[in-house]
Amino acid sequence: MEKTIKQLNWIYYSQMAISLIVLTAMYYAFSKGLYEPLDRMSQTGQIVQYIIIFDALITIPFGLYLVKLFKPQTPKKYLKCAGARILLVSNAMPLGIFAFYWMGGYKSMLWVAAIAAIAWYFSKPTLRKVELEMTPQDPNQESY
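What comes next concerns the included structure. Remember, it's a predicted structure, so these values are computed and weren't measured experimentally.

Digging into the nonpolar core
In this structure, Val48, Ile52, Tyr78, Met103, Met109, Val112 and Trp120 are the most contacted members of the largest nonpolar core, which totals 32 residues. At the level of secondary structure, the elements contributing two or more residues to this core comprise α1 (2-32), α2 (43-70), α3 (75-90), α4 (92-102), α5 (107-122) and α6 (127-134). Setting aside anything within four residues of it in sequence, one finds Tyr78 in contact with Thr4, Leu8, Val67, Pro72, Gly83, Arg85, Lys129, Val130, Glu133 and Met134.

Here you go:
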């Protein structure tokens, strides 16, 4: 169980590292004027916004529901499901940060990244969470 949590923590914190690298690189490029910001009202700007928003709308709920959907019973299967959950939930974080700077500081894209960061926080692997998710649920038990 501890080995699974350690592997999931590598995935979990690597997503934050990727987001921080994107943040640093885009901030540097933005502050030095290394690219021309994309007009958010142009057709390309709107397409980029739609892609990032729909990505967040689809992957965050699906990622949070993934482990309950597949109900893994072995640590190996749980590692795959929980790892996929972390990746799905947090992929909008670097995309939102990238789009924020690419569009010249468009705050809506920062909100998308913030929502993904909140969902990323709730996908943090802990011993108690792993135990709860790997315990078989009794279908006859009442739930409120």
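This is not the end of the story, as more comes after the structure.
Examining α3
Its 16 residues give α3 an end-to-end C-alpha distance of 22 Å, which sits within 8% of 22 Å, the value for a rise of 1.5 Å per residue. For α3, the full list of buried residues reads Tyr78, Cys81, Ala82, Gly83, Arg85, Ile86, Val89 and Ser90.

Side note on the pattern of salt bridges
For the structure on display, the rule yields 1 salt bridge. As a salt-bridge pair, Glu133 and Arg85 come within 2.8 Å of each other at their nearest N and O atoms. Of this pair, Glu133 sits in helix α6 while Arg85 sits in helix α3, and the two are 48 residues apart along the sequence. Exposure remark for Arg85: the relative accessible area of 3% places this residue in the buried category.

Points about the packing of aromatic side chains
Under the criterion given, the structure shown has 8 aromatic pairs. Taken together, a centroid distance of 6.4 Å and an interplanar angle of 40 degrees make the contact between Phe30 and Tyr35 tilted. With 4.9 Å between their ring centres and 75 degrees between their planes, Phe100 and Tyr101 make a pair best called edge-to-face. Here Phe100 falls in the buried class, since its relative accessible area comes to 13%. Linked through ring pairs, Tyr27, Phe30, Tyr35, Phe100 and Tyr101 together constitute an aromatic cluster.

Things to note about unusual backbone geometry
Residues other than glycine seldom take positive phi values, yet Lys71 does so here, at roughly 45 degrees. Accessibility expressed as a relative area gives 58% for Lys71, which makes it exposed.

How each quantity is defined
Residues numbered from 1 in each chain as written. Predicted model: local features only at pLDDT ≥ 70, side-chain atom pairs only at ≥ 80, totals over all residues. Heavy atoms only, no water. Core = buried A, V, L, I, M, F, W, Y, C linked by side-chain atoms within 4.5 Å. Buried < 20%, exposed > 50% of the residue type's maximum accessible area, 1.4 Å probe, protein only. Helix = DSSP H or I, 4+ residues; strand = E, 2+ residues; numbered from the N terminus. Contact = heavy atoms within 4.5 Å. Expected span 1.5 Å × (residues − 1). Salt bridge = Lys/Arg side-chain N within 4 Å of Asp/Glu carboxyl O. Phe/Tyr/Trp six-rings, centres within 6.5 Å; stacked < 30°, edge-to-face > 60°.

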